[in-house]
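Structural description and commentary
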Amino acid sequence: MTHPRRRATTLLRRETVAVTVPVALAALLAAAGPATAAGPAGTAGVGDPYFPLAGNGGYHVTHYDLTLRYDPDSRHLDGTAVLTARATRRLTRFDLDFQGLKVTGLTVDHVKAAHRRDGQELVVTPRRALRKGERFQVTVAYNGTPGPVTDPDGSLDGWIPTDDGAFVAGEPQGAMTWFPANNHPLDKSSYDFTITVPEDRAAVANGVLLGRRTTHGRTTFRWRQSEPMAAYLATATVGKFQVKQYTTRDGLKVYDAVDPREAAAAAPVVKQLPSVLEWESALFGPYPFRAAGSVVDHAPDVGYALETQSRPVYDRAPDLSTLVHESAHQWFGDSVSLTSWKDIWLNEGFATYAEWLYAEQHGGSTAQKTFDALYARPATDGLWAFPPGDPGSGANIFDTPVYARGAMTLHALRTTVGDRAFFRVLRAWAAAHRYGHGTTAQFERLAERESGQDLGALFRSWLYGRGKPARP
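Residues numbered from 1 in each chain as written. Predicted model: local features only at pLDDT ≥ 70, side-chain atom pairs only at ≥ 80, totals over all residues. Heavy atoms only, no water.

With that out of the way, let us pick up helix α8 (residues 400–417). In this model α8 runs 25 Å from its N-terminal to its C-terminal C-alpha over 18 residues, within 8% of the 26 Å that 1.5 Å per residue would give. Immediately beyond the C-terminal end of α8, within one or two residues, lies Gly418, with a positive phi of roughly 90 degrees. (Helix = DSSP H or I, 4+ residues; strand = E, 2+ residues; numbered from the N terminus. Expected span 1.5 Å × (residues − 1).)

Taken together, the five strands give an open sheet; going across it, the order is β17-β18-β19-β21-β20, and neighbouring strands pair in mixed fashion. Among the strands making up the open sheet, the edge pair consists of β17 (242–247) and β20 (305–306). Across two bridges, strand β19 (residues 291–296) lies against strand β21 (residues 313–314) in parallel orientation. Looking across to β21, one finds that Val295 is bridged to Val313. Running over the sheet, helix α4 (residues 273–284) touches β17, β18 (253–258) and β19 and is turned about 130 degrees from β19. (Pairing = 2+ DSSP bridges. Contact = heavy atoms within 4.5 Å. Axes fitted to C-alpha atoms, helices over the stretch in contact; angles between N-to-C directions.)

Here we take up the sheet that holds strand β7 (residues 121–125). Overall, antiparallel pairing links the three strands, which are arranged β3-β7-β6 in an open sheet. The strands lining the two open edges of the sheet, one partner per strand, are β3 (94–97) and β6 (114–118). Within the sheet, the average angular offset between the axes of one strand and its neighbour, ignoring direction, is 25 degrees. One ladder, built from five bridges, connects β6 with β7; its direction is antiparallel. Bridged to His115 within β7 is Val124.

This part is about empty space enclosed by the protein. The space that makes up the second largest cavity amounts to roughly 30 Å³. For the second largest cavity, the full set of lining residues is Leu273, Leu277, Tyr287, Ala292, Gly293, Ser310, Pro312, Ser327 and Gln330. Taken together, the elements giving at least two residues each to the lining of the second largest cavity come down to α4 and β19. Of the residues belonging to the lining of the second largest cavity, the class tally is five nonpolar, four polar and no charged. (1 Å grid on protein atoms, 1.4 Å probe; cavity = no way out; pocket = protein on both sides within 12 Å on 5 of 7 lines; lining within 4 Å. Points joined across faces, edges and corners; volume = space filled by probe spheres on them. Nonpolar A, V, L, I, M, F, W, Y, C, P; charged D, E, K, R; others polar.)

Laid out in structure tokens, this is it:
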């Protein structure tokens, strides 16, 4: 993800189908939080320290089938979400994350179920208890005027209306503004999208475009994201777009959608996506998805881009560094996902360091020069305000230390273990946790194993030390 404060870091550099949940994840989802006194219930949240109500305990969603109809003029959304899930404990009730829109019908296994709203929680009580291990299906019909959620840092995410549609980017909380979800990176699922919009608009989601059909002045787009995806990475961005589709020599299905107002500025950058992905694949391992592309919207009030899985969304024409950054997230953040938002440096530090590496290997500043320019900042600079491995709260997870000092941590690791071991670590990390999850502690152990070195002091200093660390 890029952000107004994140853009400053980039400028400084220039200036200087159903998926089986892993056993460990199932145990965590089942155990997250205490059961209530009313009986075995899924919990409101998976226990994330920064977003306590994010996600839900007691079940795993294997697949979402979302059917949406959006009118950009009235900003009205009609939706039906069908969630296929598996109970990880006996459940007499469970929660979904869902905020703002009106629920008009809800069934569990085609039987009407009781439900109530409790803040961002949609609490569902099925007609009968669900057994541990039982597969079940939840169907929620809803409508209304979706809008964004305000994050702890004051930025907006979720369904953000634009002058010709909607910019849909859900990190970290926004998925719940447009569909009911188990909204935490711990729970990853496959997705189908069927989105109907006026015929002069396009609706762009994740994965492969299965087809489109226009009747009676409206066009329906069908998309499929087969590889597992966290809810915050889903998009259904709507607008007037110039669309280009092609298949790369490696068989990757590319779909680019660009707002005409951004087309001239975006074209020189967007056309480099295949070469960027090829370069990143050489460093990080095979590209993890079947599809790729870009959604370049004209949304000047948004202020960031997001690595929506397989097809990042940009609020304006991106520069090349931003394209490299969001593309790197397809490995680090999308394929390999977080278990806790506290570990956000595993996403943003890695994507930022990818920018440095790209510049280094394409005639720009070396990563060492970028590191040196940042390290020259005084101890009072915001870069040293908090350690990237412990941002402190959800208000800080998109701030400079997570990005720049996170990248500096990786460079400190590289200079300590050498290039051969360092790039072996990056590839091993992406391969070992492909389509799954990773923690900072797991990365530290992997780095020590691959390098054969004791790196405890380095990580303690750069990831968790307060203030400006000593040079590596």
